[in-house]
Amino acid sequence: FVTTQACLRAMASTQDTIAALATPTGTSAIAVLRISGPDTKELAEKIAGTLPSPRSATRADYRDIEGNIVDDVLLTLFVGPASYTAEDTLEISCHGNPFLAQRILEDLLARGCHPAEAGEFTQRAFLNGQMDLSQAEAVMDLIHARSTRALAAANQQLRGALGRKMDALIEGLLAVLANIEAYIDFPDEDLPTEDQEFVAVALERLKIDTSNLLATNHYGDILRDGLKTVILGEPNAGKSSLLNRLVGRDRALVSDQPGTTRDYLEERIILGDHCLRLIDTAGLNAAPTELEKLGMEKSLERMAEADLILLVLDQSKSSPELPDTVRKHLNKVNTLIVANKSDLTSDAVSSPEFGNYETIATSALTGAGFDELQIALQNRADAFHVELGDELIAINARHADALARANTCLEQASAQLKSGDPIELIASELRGSLAAYGEISGKIDNERMLDHLFASFCIGK
């Protein structure tokens, strides 16, 4: 979506918003301009000379404010609340000539329309109750999805998967709060003895469910940004050749001379249902030059933040002595051994240090072993998935922050309950947890947070 920038807060109630969808030029290309706001019907009638039938494409001459015909267009009117924004909305499909689209855009602005800012259509949908905040965020995830699994997670969140989880947590917490606050608000009433066992069990259940949701954060990062896969190894072990083979083109320079890669290279690939961020690093030289030392420092930085490490070994040579700074980061969970140059020898890699690590023998030259390597990479990516029933849940950093704060409040409340602290203190912690839950679905009024979130959307969505 392409449009000029504007500020939603500056709009009057009678102003409309507009966004234009840019399409490639060509004989079949079209441009779509979307208008939303209370004056949409009146504007549609002025443009076409008659009010288009709702939810039906109507062919019409687009007449500008001076009555001149600009283009032969299709008008589709959506009457609120049965529209994306819950407001009256008009979509104008014109020929894809950028000049025509610009003429119509300028005419709409002259008629009093206001350019939409980034994410404004989705923000209006949220503010008008068409979706909760987690669903609004899913729209952005859907637009930027890089893999089949990321697309599936975004679609499930858009259809309310995370919202339903949060509703269940909120309902459970409200039940506990109601039980506790009855004794605070009505101390003189003849109430039954306070059931602390019910409260303790309910809080434990809420902590478990919150922690389970929180555990999906890392997988959410992987879905949105790709599995950080760092390729490590000695100089000339075939790291860059491995990258090129996986990418399917000559992305990195390859030479028989060791130390060709001095800085790290990064490339994304789609492998099965996942996106992988392949990061080719400088070789780990036992006696590096000053320039190689700089490259190795960057290699170690990338390794420290990796989801998966591909340790590339030259199968035709003995296993290398790795620096202590490298070895301490390696384990059989985060490391996959790639025994490269299998075309030069039939001997398997023999190393007590890596004996229990998963090892794939490959040849970046011939392609041998790469089918097995790709399967292993897909399995490693799948291993990060946290099962939460039938729905694919993968929270983002904002959700994780709110859930972590909610869990802290729950833990504090549990500790206070066990210590026999005043019930008012326990209720205060639970209300803090409830507020944190509410941030995820957007059931709290935090204008600055909403403005920041929707500003990261693409224009016109």
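Each value, and the rule that gives it
- Residues numbered from 1 in each chain as written.
- Predicted model: local features only at pLDDT ≥ 70, side-chain atom pairs only at ≥ 80, totals over all residues.
- Heavy atoms only, no water.
- Salt bridge = Lys/Arg side-chain N within 4 Å of Asp/Glu carboxyl O.
- Helix = DSSP H or I, 4+ residues; strand = E, 2+ residues; numbered from the N terminus.
- Buried < 20%, exposed > 50% of the residue type's maximum accessible area, 1.4 Å probe, protein only.
- Core = buried A, V, L, I, M, F, W, Y, C linked by side-chain atoms within 4.5 Å.
- Axes fitted to C-alpha atoms, helices over the stretch in contact; angles between N-to-C directions.
- Left-handed = near helix turned anticlockwise from the far one by under 90°.
- Contact = heavy atoms within 4.5 Å.
- Pairing = 2+ DSSP bridges.

Caption draft 1: Broad picture of the pattern of salt bridges. Inspection of every chain in the model, using the stated rule, returns 24 salt bridges. The partner of Asp273 in a salt bridge is Arg149, with the nearest N and O atoms 3.5 Å apart. Of the two residues, Asp273 is situated in the loop between strand 8 (265-271) and strand 9 (274-280) and Arg149 in helix 5 (residues 148-158); the sequence distance between them amounts to 124 residues. Owing to a relative accessible area of 34%, Asp273 belongs among the partly exposed residues under this scheme. Through salt bridges that share partners, Asp225, Glu266, Arg268 and Arg277 make up one connected network.

Caption draft 2: Local environment of the nonpolar core. Judged by nonpolar contacts, the single largest core of 31 residues is most densely connected at Leu213, Leu430 and Tyr437. Looking at this core, the elements that each hand over two or more residues are helix 6 (161-185), helix 7 (196-214), helix 13 (397-419) and helix 14 (423-441). Element by element, the count of residues in this core is highest for helix 6, at 9 residues.

Caption draft 3: Broad picture of the packing of helix 5 against helix 8 (residues 217-225). As a packed pair, helix 5 and helix 8 sit with axes 8 Å apart at the nearest point and diverge in direction by 115°. Here helix 5 and helix 8 pass one another in a crossing that is left-handed. Counting all contacts with helix 5, which are made through Arg149, Ala150, Ala153 and Gln157, the residues of helix 8 involved are Tyr219, Leu223 and Arg224.

Caption draft 4: Region of interest: the pairing of strand 4 (residues 69-78). Here strand 4 lies mainly inside the structure; 7 of its 10 residues are buried. Bridge count for strand 4 against strand 5 (residues 89-95) is 5 bridges, and the pairing is antiparallel. Residue pairing across strands places Leu74 opposite Ser93, the latter belonging to strand 5.

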